[in-house]
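What the coordinates show
Next come the chains, spelled out residue by residue.
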Amino acid sequence: MFLKTFMARDIARILPSMDFPLSDTAIILMEKQKVPAIGIRHDGVVRAYAIQDDPLRERTFRSDQLVDEDASFSEVILALTRHKICFVRMFGTVNGIITRDDIQHPFVRMWLFGIITMLEMQTAPLIERLWSEGAWTELLSKSRLEKAETLLEERLRRNQQTTLLGCLQFSDKIQILIQDEAILKDLGFQSKRIAKRLSKDLESLRNNLAHAQDIVTHDFDQIARLAIRIESDRHF
C-alpha cells in the first residue's frame, strides 16, 4: 500500500529545458521557474542538466538520481539521500524535478503520517500480548508513568474512552517493546541506546507532521530510514 498509493509524478515539478549550448538566459529561466536546475536538450531531447550555482556547465544525469514517474515516494527519498535533486522520467524522457524541499508536499506528509500511525497502532496490542495485566508499567520511569496517568484522568473527565496504555507517548511504547530482546533484534537495532534515540527521532517527525512544521531540516534522516525500511520490506 505504501509503495503504490503515491507516486513520483504526484509531487514532481516540470523541469524547464533549453537547447545546447547554454546561454546566460539559463539562470534567468531557473529563477523565473523557481527551480534549482534546468534540462539541456540535444537534438530536441533532454540528455543533461545545469544547476543555478554553475548555470553554463553541462552535467550528466546519474542513474541513481533518476526515477520513473510511477516510482514510489520511498524510491524518491532514497534518491534524495544521495543527491540534492531527483529527476523524473515521463514519456521516455526526463522532464520532471523533485528536491528535498518537495518532501514538504501535502501528499508526502500524508504518506508519512499514515506510515507512523499504522506503526503506532501496532504497538499497543503487541505490548498487551507480551506484558499482560499491565505488567509493562514496571518498565517505565515514574515520571513517564505519572504523565500518562495524568493524561488518562483528563481524557476520562472529558468522557473519552481510552486506557493508560493509550495515553503513552509513541516513544514510550517503543521503549517498552525494546525491553524484549527478540523485538529489539527484529527491529534491526544494534542496542537499546540506539533504539531509544531513533524512537525519539520518530516521535519528533510525528509531532512535526501533526503540527504542520518543517520536516526536512531536522527530520530528513528519519524520513530516509523509513524509506529504506519500506524498500527493504522490513517491519519497524
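Before any of the text, the structure's been laid out above.
First things first, this report covers the structure right here in the doc. A quick note: this is a predicted structure, and the numbers were derived from the prediction, not measured.

In total, this model carries 13 salt bridges according to the counting rule given. Arginine 89 is the partner of aspartate 68 in a salt bridge, and the nearest nitrogen-oxygen pair spans 2.8 Å. Here the residue aspartate 68 occupies a position in strand S6 (residues 66–68), and arginine 89 occupies one in strand S7 (residues 85–90), the gap between them amounting to 21 residues. On the basis of relative accessible area, aspartate 68 is assigned to the partly exposed category, the value being 38%. Its salt-bridge partner being aspartate 201, residue arginine 197 comes within 4.0 Å of it at the nearest N-O pair. On the criterion of helical spacing, the pair formed by arginine 197 and aspartate 201 is a turn pair, its members being 4 residues apart in helix H7 (residues 192–210). You can call arginine 197 partly exposed: its relative accessible area is 44%. When salt bridges with common partners are traced through the structure, they connect Glu120, Lys173 and Arg206 into a single cluster.

What follows deals with the side chain of lysine 173. Considering the arrangement of structural elements, one finds lysine 173 in helix H5 (residues 170–177). A residue is classified by how much of its surface remains accessible, and lysine 173, at 6% relative accessible area, is buried. In this structure lysine 173 touches Glu120, Thr123, Ile127, Leu165 and Leu168, once residues within four positions along its chain are discounted.

Cut-offs and rules
- Residues numbered from 1 in each chain as written.
- Predicted model: local features only at pLDDT ≥ 70, side-chain atom pairs only at ≥ 80, totals over all residues.
- Heavy atoms only, no water.
- Salt bridge = Lys/Arg side-chain N within 4 Å of Asp/Glu carboxyl O.
- Helix = DSSP H or I, 4+ residues; strand = E, 2+ residues; numbered from the N terminus.
- Buried < 20%, exposed > 50% of the residue type's maximum accessible area, 1.4 Å probe, protein only.
- Contact = heavy atoms within 4.5 Å.

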